[in-house]
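# Analysis of the macromolecular model
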Amino acid sequence: MSRLKSSLPESLAVAVKANIADWQSGRKMQRLWQRDASLWTSDDEDKWLGWLDITEYQIAHPVELRNLAKEVWSAGFKDVLLLGMGGSSLCPEVLRMTFGKAAGYPNLHVLDSTDPAQVKAFEDKIDIARSLFIVSSKSGSTLEPNIFKQYFFDLTKQAVGANKAGSHFIAITDPGSHMQKVAEGDRFRHIFFGRPSIGGRYSALSNFGMVPAAVIGIDVKKFLDRTQEMVRACGPEPAVEENPGAMLGIILGTATTLKRDKVTIITSHDIAHLGAWLEQLLAESTGKVGKGIIPVDREELGPPEVYGNDRVFAYVHSEHATDVIAEQKISAIEKAGHPVVRIAMSDVYDLGAEFFRWEIATAVAGSIIGINAFNQPDVEASKVVTRDLTSEYEKTGSLPPEKPVLEDGDFKLFTDEKNAAELARRAGTDKSLMGYLKAHLSRIDAGDYFALLAYIQMNDEHRDSLQAIRHVVRDRKHVATCLGFGPRFLHSTGQAYKGGPNSGVFLQITCDDAVQLPVPEQKYTFGVVKAAQARGDFQVLAERGRRALRVHLPTDVSGALEKLNAAVQEALR
């Protein structure tokens, strides 16, 4: 089983020891397994702990998944495209990138973006007539999976005929949902049900994760058997000090209460995509009522001097995939007095065990922080604004007009009235892109974090440009940095950005879309949906008093990102 070692500065170690004693004497792990809501806020937490025994249930009921794997293998599908968001898509993406596919099984692709260029890229990547589509939505009413389904179902009807289209679709959803009705009406090949007592971000070991795992030929039995070892180790019987989930959670929760709330995730190359799943679990579970953990994923390791005293480093790696350079950098960070947690997996089949360990740890950390670890109140706030905007578009054929606070060449800057006044004051007479970026970045203080919120196509070129921006900010300002592609981060870190500590400085990036894709049965296009989501996101950030600026790019996104990168570097000189 994956081993955990930690190196903590003395003040944190003392506080952690006190919390271990409290959890032991208060029988808090027993209370967690008894589903005692008073461990958190005495709200409805007891209704959201169905994930505690889902592995045992899956092991006891293997036939459905085993039959699905055989069926997909024999049907000759070349590709599988999963259509989902947040908890419905992040675990399958980790599995896809970690395991690839077994011989004879189809390639899995995961679409979780309304960016029209990205939707079109997935369409062009697959052979519709030889593809299986998995529509994954717990509630069944989430906007994105529904419009993805409309788009690809329409294409499938054109490719194979209306009578056969349903046989190319599978639904994963909770019983009684809107998606169940859609799937039954369109005669989907299968409907697999989730468990209503499991929230999306805790659903990796339920059908939301295990159906895609079976489809690409992962040995689900082996995966779940390994996971069950961790379930037993994290159960109510072991002493707290010997409980791997409890110990991780106590360290993270205690550190957060001591202002070390930036959990920096480092992984070995073979599990590099685990961080995206951990981001959602940690941020959406704990980031609320002005508290919470800010996860930092894919930030390259730097020398110790670029880090503030608000970090905890979590290094998760496979024993056979150790990175010598990463190890040296982590050791230097450790010697400089930063807290470091090391988790060693025997191989990638320990991934399910890590899913469960981190779920337990998040629940424990949430209790120590003093929040409900199972709701997401601020995610819904931006969804409401998006729904209002798309509804208006359906009625009027346009989104409400916007007026930029500044135009500089091809760049347009937008923000709310309060942020605009502060930026104008700081920029003074320099009414340029660089001047406003300098003003915005000057608002970053020690203990803050900087986040890029990019509503553009997620590809390697764009990611590299944005990574360069975040790293220059990290190195010059010595703060944690985050990068999220919209709208996928809305169902993940977006909760913490709006509901967590007001320590974020946000640069939202939008663009003119070179590709326009209609959504069947709607007036709005994918580009309109993405624009409405970006506006809804920004509006709620502003309402929450966040320091936020939006930069709108022309259709040449790659070229504009190069110019933006240069402007940020100049602003930080």
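Up top you'll find the structure we're talking about.
This one's a predicted model, so the numbers in the text were calculated from it and none came from an experiment.

### Section: the nonpolar core
As a rule of thumb, nonpolar side chains are buried together in soluble globular proteins. With 92 residues, the main nonpolar core has Trp277, Phe355 and Trp358 as its most contacted residues. It is helix 15 (residues 351-369) that provides the largest number of residues to this core, a total of 12 residues. Membership of the second largest hydrophobic core comes to 38 residues, among which are Leu437, Leu466, Leu549 and Leu553.

### Some thoughts on unusual backbone geometry
The omega angle of the peptide bond from Gly486 to Pro487 is 5°, so this bond is cis rather than trans. Positive phi values are uncommon outside glycine, yet Arg187 reaches one of about 55°. Mapped onto the elements, Arg187 comes out in the loop between helix 9 (178-185) and strand 6 (190-193). Notably, Arg298 is not glycine yet its phi reads approximately 60°, a positive angle. Here Arg298 is to be found in the loop between strand 8 (294-297) and strand 9 (311-318).

### Some details on the environment of Leu564
Looking at the element boundaries, Leu564 is found in helix 22 (residues 557-571). Leu564 sits 95 residues away from Ile469 along the chain, and the two C-alpha atoms are 8.4 Å apart.

### Quick look at the side chain of Thr493
Residue position: Thr493 is located in the loop between strand 14 (480-485) and helix 20 (494-499). Take Thr493: its relative accessible area is 3%, and that puts it in the buried class. Among all residues touching Thr493, those that are not within four sequence positions of it are Glu279, Ala283 and Pro295.

### Notes on the sheet that holds strand 3 (residues 107-111)
Taken together, five strands build an open sheet; the order of strands is 3-2-4-5-6 and the sheet is parallel. Only two strands of the sheet have a single neighbouring strand rather than two, namely strand 3 and strand 6. Between one strand and the next, the sheet's axes are offset by a mean angle of 20°, whatever the strand orientation. Bridge count between strand 2 (residues 79-83) and strand 3: five bridges; the pairing is parallel. Each residue of the ladder has a partner; that of Asp79, found in strand 3, is Asn107.

### Side note on the environment of Asp112
Turning to its location among the elements, Asp112 is positioned in the loop between strand 3 and helix 6 (116-125). Look at Asp112 and you get buried, because its relative accessible area is 5%. For the pair Asp112 and Pro303, spaced 191 residues apart in sequence, the C-alpha separation works out to 34 Å. The residues contacting Asp112, other than those within four sequence positions of it, are Gly84, Met85, Ser89, Phe148 and Arg488. Within polar-contact distance, the side chain of Asp112 engages the side chain of Arg488 at 2.9 Å.

### Describing the side chain of Lys288
For Lys288, the position within the fold is in the loop between helix 13 (274-286) and strand 8. Although Lys288 lies buried, it forms no salt bridge, and the closest oppositely charged side chain, Asp378, sits 7.7 Å away as judged by the N-O distance. What Lys288 contacts, discounting residues up to four positions off in sequence, is Arg201, Ile371, Asn372, Ala373, Phe374, Asn375, Gln376, Gln495, Gly499 and Gly500.

### Brief notes about the pattern of salt bridges
By the definition in use, this model includes 35 salt bridges. When the shortest N-O distance is used, the salt bridge between Glu319 and Arg3 registers 2.1 Å. Linking Glu319 in the loop between strand 9 and helix 14 (324-335) with Arg3 in strand 1 (residues 3-7), this pair joins segments that are 316 residues apart in sequence. Note on Arg3: relative accessible area 45%, which makes it partly exposed. Two residues, Glu93 and Arg96, come together in a salt bridge whose shortest N-O distance is 3.3 Å.

### Describing the environment of Ala326
For Ala326, the location among the structural elements is in helix 14. For Ala326 and Ser268, which are 58 residues apart along the polypeptide, the C-alpha to C-alpha distance reads 8.6 Å.

### Some details on the sheet that holds strand 15 (residues 504-511)
Strand order in the open sheet formed by six strands is 11-12-16-15-13-14, and the pairing between neighbours is mixed. At either margin of the open sheet sits one strand with a lone partner, and together these are strand 11 (406-408) and strand 14. Neighbouring strand axes in the sheet, compared pairwise and without regard to direction, differ in orientation by 20° on average. Both strand 12 (residues 411-414) and strand 16 (residues 547-553) contribute to a ladder of three bridges, which runs antiparallel. Across the sheet, the residue bridging to Phe414 is Arg550, located in strand 16. Contacting strand 12, strand 13 (449-454), strand 15 and strand 16, helix 21 (residues 526-543) runs over the sheet at an angle of about 160° to strand 15. Relative to the sheet, helix 22 contacts strand 12, strand 15 and strand 16, its axis offset from that of strand 16 by approximately 135°.

### Here we look at helix 7 (residues 143-160)
The terminal C-alpha atoms of helix 7, which comprises 18 residues, lie 26 Å apart, in line with the 26 Å expected from a rise of 1.5 Å per residue. Where helix 7 is concerned, the buried positions are Glu144, Pro145, Asn146, Ile147, Phe148, Lys149, Gln150, Tyr151, Phe152, Phe153, Leu155 and Thr156. Backbone geometry just downstream of helix 7 places Gly161 in the positive-phi region, at approximately 100°.

### Overview of the packing of aromatic side chains
One pass over the full model with this rule turns up 24 aromatic pairs. With a centroid separation of 5.2 Å and an interplanar angle of 85°, the aromatic rings of Tyr151 and Phe152 are classed as edge-to-face. Ring geometry for Tyr449 against Phe506: centres 5.8 Å apart, planes inclined by 85°, an arrangement best described as edge-to-face. Of the two residues, Tyr449 is situated in strand 13 and Phe506 in strand 15; the sequence distance between them amounts to 57 residues. Neither Tyr449 nor Phe506 differs from the other in exposure class; each is buried.

### Observations concerning a negative patch on the surface
On the surface, a cluster of negative charge is contributed by Asp410, Glu461, Asp464, Asp556 and Glu562. Its location among the elements puts Asp556 in the loop between strand 16 and helix 22.

Cut-off values and rules
- Residues numbered from 1 in each chain as written.
- Predicted model: local features only at pLDDT ≥ 70, side-chain atom pairs only at ≥ 80, totals over all residues.
- Heavy atoms only, no water.
- Core = buried A, V, L, I, M, F, W, Y, C linked by side-chain atoms within 4.5 Å.
- Buried < 20%, exposed > 50% of the residue type's maximum accessible area, 1.4 Å probe, protein only.
- Helix = DSSP H or I, 4+ residues; strand = E, 2+ residues; numbered from the N terminus.
- Contact = heavy atoms within 4.5 Å.
- Pairing = 2+ DSSP bridges.
- Axes fitted to C-alpha atoms, helices over the stretch in contact; angles between N-to-C directions.
- Polar contact = N/O pair within 3.5 Å; in protein donor to acceptor, adjacent residues only side chain to side chain.
- Lys, Arg positive; Asp, Glu negative; His and termini not counted.
- Salt bridge = Lys/Arg side-chain N within 4 Å of Asp/Glu carboxyl O.
- Expected span 1.5 Å × (residues − 1).
- Phe/Tyr/Trp six-rings, centres within 6.5 Å; stacked < 30°, edge-to-face > 60°.
- Patch = residues over 30% accessible without salt bridge, like charges linked within 9 Å, V, L, I, M, F, W, Y side chains within 5 Å.
- Areas by Shrake-Rupley, 256 points an atom, 1.4 Å probe, with all protein chains shown as cover.
- Charge placed at Lys NZ, Arg CZ, Asp CG, Glu CD.

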